[in-house]
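Residue-level structural notes
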Amino acid sequence: MTITANSQLSNVFSQNLESITSKTDGLLPTLGAELVYTQDGAGRYLTFCWQYSELLGLSTEKIVDDLNQTQTFVPVDKVTYLERLHRILTNLVPERFQCWFSYQKELFELDLVISPIMPSLGTTATTVLVMGRLVQATLNKKQARVASKTPTQIELALRSQQHQKLVNRITRNIRRTLDLDIIWQQTVDSLGKALRLERCIICPYQPSSSKVQVKAEYRQPELKSMLGLDIDIASEPAFAQALATLEPVMMEVHGYKESGRQKTLVVATCYQDQANGLVALNWQDECYTLTESELELAKEAADQLGTAIAHATLYEELEVARQKAEEASRLKSEFLANVSHEIRTPLNGMIGFLKLILEGMADDPEEQNQFLAEAHHLSIHLLNIINDILDIAKIEAGKMELAYAPVKLDELFSHVEGFMRPQAQMKNLSFRMQMPATSDEIIVQSNYQRLLQVMLNLVNNAIKFTHEGGVTVSADLVLKKANFQDQQFPGMVRVRVADTGIGVSLDKQDKLFQLFSQVDGSRTRQYGGTGLGLVISQKLVEAMGGEVHFYSLGEGLGSTVTFTVPLYQQPVMVSSNDSDSTSSAEC
């Protein structure tokens, strides 16, 4: 309350002082202060109203007479108090200060504002209006030596009021932000300072984890920080009990106390009856004992915090989902732009060559046939692009159905070599295909057309992104039993496509198998293509019971792509001696 407000109230009192003194019960409580009384210059009470009167055993009917006769509720430093009283009456200037009062066995620290009751013109002020509040209550020193630690009624009332204000303040702070780090730190700071704790920590909790980590901490300067410390729940029974019961748990500190006897209150934060965090409050054992109402307040604060954690976590998840959705939308737009470019390029070429023929621009039949061949080549390229798009659409819709049958690996390699070797030779690249040394055929369980599509995709990419050196396609056997479609196979065949091309930087390799994602949009434009080859290959290989992996040491260091398919039957391997004998006979 401001001094101006008190001056205004003083004017009210000066208008009808007799009414004030005769109607204490009716007027003083309406002023809205916790403590209100009037005194004369000698410190005698004229009126008195305090919300804690009944807790002190003061009778409201004759409270003024009792106080004046017994002189029990008086300032500890009465001389200084009266000097201040006289100064206010002389100068007619209100003052605010804190002062200790004593009553029987207890001491009370009061925050007071004393205002002179303004007299009529030509008269001297003789009365003051005092308004204030209780800051703290304690036993006097003599009684403290023999008294128990059981709190008095007025202490309980004061603590309840203070703790409720604390919960309200924590709740207001929580509602101002959805940043979990800020919520955690503001909470431990508020609890630590208000309750004068040795330490207060907050640990978020995940049901799937056996440990919690200290994410926020309030501590006294002489204590070692626990921030970032991992705490095993099993090693702290109070932690486990609080999480299991969702009730406050008192414990004696034993794992990380610095000195003296200390106690800790552990409270689980929760949302919809699911624990999502722990709050631990640590204080000296000499401090007062917590009451049931204070434990309920602690639980209420924990519930507020648990709700805030849940809402903030949900907000973070929604924010991450929003960012992913925006990124996916951006990638899809970029992908569609590249695909439309890839479709228009061969289509424009086809239209151009056919228009030349229709307009009779070919000089002779040979040139006309050349125009037709170019148009046909572009149409095949356009068909491949459309097939890739349709394949992705089927895969995303879950409508890709494959028929499986034994496939001869040497026949597959022969077809790939027939398609790809001419392209490699056009770029002056070496092209090698290597099969494992076996005395019989290697047969895999797969779909021939889709397996051929995968290999053509991978080898075509290797040739496209390689300018010098070459491409090597090889296969080896992994003789470890594997299961696919409720059938057991003797092993897997691993096919490796390695090149000496441009490579991919380590930080961009995770984008290779993301749908609608391209490692470098500008590079894709430079080399052409939709960027769907690796994604389609991965989906097809996984549908055929295998895995795809990509390896590159960085840009300019080449790339290697491997994929596996189930081995239909185990072939007879050729030993190294047999290989040497065969080589000698051939020579």
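Summarised in this report is the structure supplied together with it. (Residues numbered from 1 in each chain as written. Predicted model: local features only at pLDDT ≥ 70, side-chain atom pairs only at ≥ 80, totals over all residues. Heavy atoms only, no water.)

**A look at the packing of helix 11 (residues 365–397) against helix 15 (residues 533–543)**
With their axes 10 Å apart at the nearest point, helix 11 and helix 15 run at an angle of 45 degrees to one another. Judged by the angle between their axes, helix 11 and helix 15 are oblique. Crossing handedness for the pair helix 11 and helix 15: left-handed. Residue-level inspection shows Asp388, Asp391, Ile392 and Ile395 of helix 11 in contact with helix 15, the latter providing Val535, Ile536 and Lys539. By residue class, the composition of the contact of helix 11 with helix 15 is four nonpolar, no polar and three charged. (Axes fitted to C-alpha atoms, helices over the stretch in contact; angles between N-to-C directions. Helix = DSSP H or I, 4+ residues; strand = E, 2+ residues; numbered from the N terminus. Parallel < 35°, antiparallel > 145°, perpendicular 65-115°, else oblique. Left-handed = near helix turned anticlockwise from the far one by under 90°. Contact = heavy atoms within 4.5 Å. Nonpolar A, V, L, I, M, F, W, Y, C, P; charged D, E, K, R; others polar.)

**Examining the pattern of salt bridges**
Here the structure, examined in full by the defined rule, presents 12 salt bridges. Glu217 is the salt-bridge partner of Arg199, the closest N and O atoms lying 2.6 Å from each other. Taken together, the positions of Arg199 in strand 7 (residues 199–204) and Glu217 in strand 9 (residues 216–219) put the pair 18 residues apart, joining distant regions of the chain. In this structure, the salt-bridge partner of Arg494 is Asp476, at a minimum N-O distance of 3.0 Å. Here the residue Arg494 occupies a position in strand 20 (residues 491–499), and Asp476 occupies one in strand 17 (residues 470–478), the gap between them amounting to 18 residues. (Salt bridge = Lys/Arg side-chain N within 4 Å of Asp/Glu carboxyl O.)

**Considering the pairing of strand 16 (residues 443–446)**
Here strand 16 shows no split at all, with Ile443 and Gln445 on one side and Val444 and Ser446 on the other all buried. The pairing of strand 14 (residues 405–408) with strand 16 spans four bridges and is antiparallel. Its bridge partner lying in strand 16, Pro406 is registered against Gln445. Where strand 16 and strand 22 (residues 559–569) come together, two bridges link them in antiparallel fashion. In the sheet register, Ile443 faces strand 22, and the bridge partner there is Gln569. (Buried < 20%, exposed > 50% of the residue type's maximum accessible area, 1.4 Å probe, protein only. Pairing = 2+ DSSP bridges.)

**Remarks on a negative patch on the surface**
A cluster of like negative charges, contributed by Asp179, Asp181, Glu316 and Glu317, occupies part of the molecular surface. You can see Glu316 is positioned in helix 10 (residues 292–358). Judged by its relative accessible area of 39%, Glu316 falls in the partly exposed class. (Patch = residues over 30% accessible without salt bridge, like charges linked within 9 Å, V, L, I, M, F, W, Y side chains within 5 Å. Areas by Shrake-Rupley, 256 points an atom, 1.4 Å probe, with all protein chains shown as cover. Lys, Arg positive; Asp, Glu negative; His and termini not counted. Charge placed at Lys NZ, Arg CZ, Asp CG, Glu CD.)

**Side note on the packing of helix 12 (residues 409–426) against helix 13 (residues 448–464)**
Where helix 12 contacts helix 13, the two axes come as close as 10 Å, and the packing angle between them is 30 degrees. By the angle between their directions, the pair helix 12 and helix 13 is classed as roughly parallel. Read as a crossing pair, helix 12 and helix 13 show a hand that is right-handed. Residue-level inspection shows Glu411, Leu412, Phe413, His415, Val416, Phe419, Met420, Gln423 and Ala424 of helix 12 in contact with helix 13, the latter providing Tyr448, Leu451, Leu452, Met455, Leu456, Val459, Asn460 and Ile463. Tallied by class, residues from the contact of helix 12 with helix 13 come to 13 nonpolar, three polar and one charged.

**Digging into the side chain of Glu34**
Looking at the secondary structure, you find Glu34 in the loop between helix 3 (24–27) and strand 1 (35–40). The class for Glu34 is buried, based on a relative accessible area of 13%.

**Some remarks on helix 13**
Over its 17 residues, helix 13 extends 24 Å from the first C-alpha to the last, a length consistent with the 24 Å expected when each residue adds 1.5 Å. Within helix 13, 12 of the 17 residues are buried, which leaves it mostly tucked inside the rest of the structure. Three or more residues of helix 13 are buried, namely Tyr448, Arg450, Leu451, Leu452, Gln453, Val454, Met455, Asn457, Leu458, Val459, Ala462 and Ile463. For helix 13, the N-terminal cap is Asn447; the gap from its side-chain oxygen to the backbone nitrogen of Gln449 is 3.3 Å. (Expected span 1.5 Å × (residues − 1). Polar contact = N/O pair within 3.5 Å; in protein donor to acceptor, adjacent residues only side chain to side chain.)

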